[in-house]
Amino acid sequence: MARIRSRPDHVDRTAALARAVVTRLAPEELPAFDLLAAPYLAGADGSAEGGRLEFGVVEAVATVTPVVTLVCATVTSALLRGAEGELEQLGGRATRGLFGALRRRRAAPPAAEATAAPRWSREQLAEVRATAADRAAALGVEPELAGAIADAVVGALLLDGEAGS
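The model shown is predicted, which means the values in this text are computed figures rather than measured ones.

Basis of the calculations
- Residues numbered from 1 in each chain as written.
- Predicted model: local features only at pLDDT ≥ 70, side-chain atom pairs only at ≥ 80, totals over all residues.
- Heavy atoms only, no water.
- Core = buried A, V, L, I, M, F, W, Y, C linked by side-chain atoms within 4.5 Å.
- Buried < 20%, exposed > 50% of the residue type's maximum accessible area, 1.4 Å probe, protein only.
- Helix = DSSP H or I, 4+ residues; strand = E, 2+ residues; numbered from the N terminus.
- Contact = heavy atoms within 4.5 Å.
- Salt bridge = Lys/Arg side-chain N within 4 Å of Asp/Glu carboxyl O.
- Expected span 1.5 Å × (residues − 1).

## Quick notes on the nonpolar core
Phase 1 of the analysis: Counting 34 residues, the largest nonpolar core has Leu17, Val21, Val68, Val71, Cys72 and Val153 as its most contacted members.
Phase 2 of the analysis: Sorting the residues of this core by element identifies α1 (9–25), α2 (33–41), α4 (65–104), α6 (122–138) and α7 (143–160) as the ones contributing at least two each.
Phase 3 of the analysis: It is α7 that provides the largest number of residues to this core, a total of eight residues.
Phase 4 of the analysis: Non-local contacts of Val71, meaning those with residues more than four positions away in its chain, are made with Ala132, Arg135, Ala136, Leu139, Ile149 and Val153.

## A look at the pattern of salt bridges
Phase 1 of the analysis: Counted by the stated rule, this structure contains two salt bridges.
Phase 2 of the analysis: Put simply, Asp34 and Arg19 hold a salt bridge, and the shortest N to O gap is 2.7 Å. Taken together, the positions of Asp34 in helix α2 and Arg19 in helix α1 put the pair 15 residues apart, joining distant regions of the chain.
Phase 3 of the analysis: Here Asp151 makes a salt bridge to Arg129, at a shortest N to O gap of 2.6 Å. With a gap of 22 residues between them, Asp151 in helix α7 and Arg129 in helix α6 connect regions that are remote in the sequence.
Phase 4 of the analysis: Overall, Arg129 belongs to the partly exposed group, its relative accessible area being 32%.

## Things to note about α7
Along an α-helix, residues three or four positions apart point the same way, because every turn accommodates 3.6 residues.
Phase 1 of the analysis: In this model α7 runs 25 Å from its N-terminal to its C-terminal C-alpha over 18 residues, within 8% of the 26 Å that 1.5 Å per residue would give.
Phase 2 of the analysis: Looking only at α7, the buried set comprises Ala146, Gly147, Ile149, Ala150, Ala152, Val153, Val154, Gly155, Ala156 and Leu157.

In structure tokens, the structure reads:
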């Protein structure tokens, strides 16, 4: 019997963030989102070199989903690296205390706490926006669209919370 593999967590986060951004920028693409995003999610490692668009695809394809998916993969990867760095900085005792508190927490969180979006500092949001805009520009997107994608990524993180966390 073949075992079905689920996608890695970061790929699911990338897909959720990309879907939220496409919802804001090009809702008409939502019916085809899974089909359009799939090739770019398959290798979504978020690196600047990973997930390239073929030459001329931006001009030839009338959809933003592929570009948005690659930009969101970069943002998700950067956010995950940032979270890992913060945990590393906590050190041994603080980390044990954090994980101990998580283990002791058996009850489900109240509904408001469970749905609360992460709190982002202005600096973090500016960094996310710059990362998204830079990645879109590196993919050959016009500056105006790169800015719109970057703004939509930040908006999705602020409004949807779980989309990128």
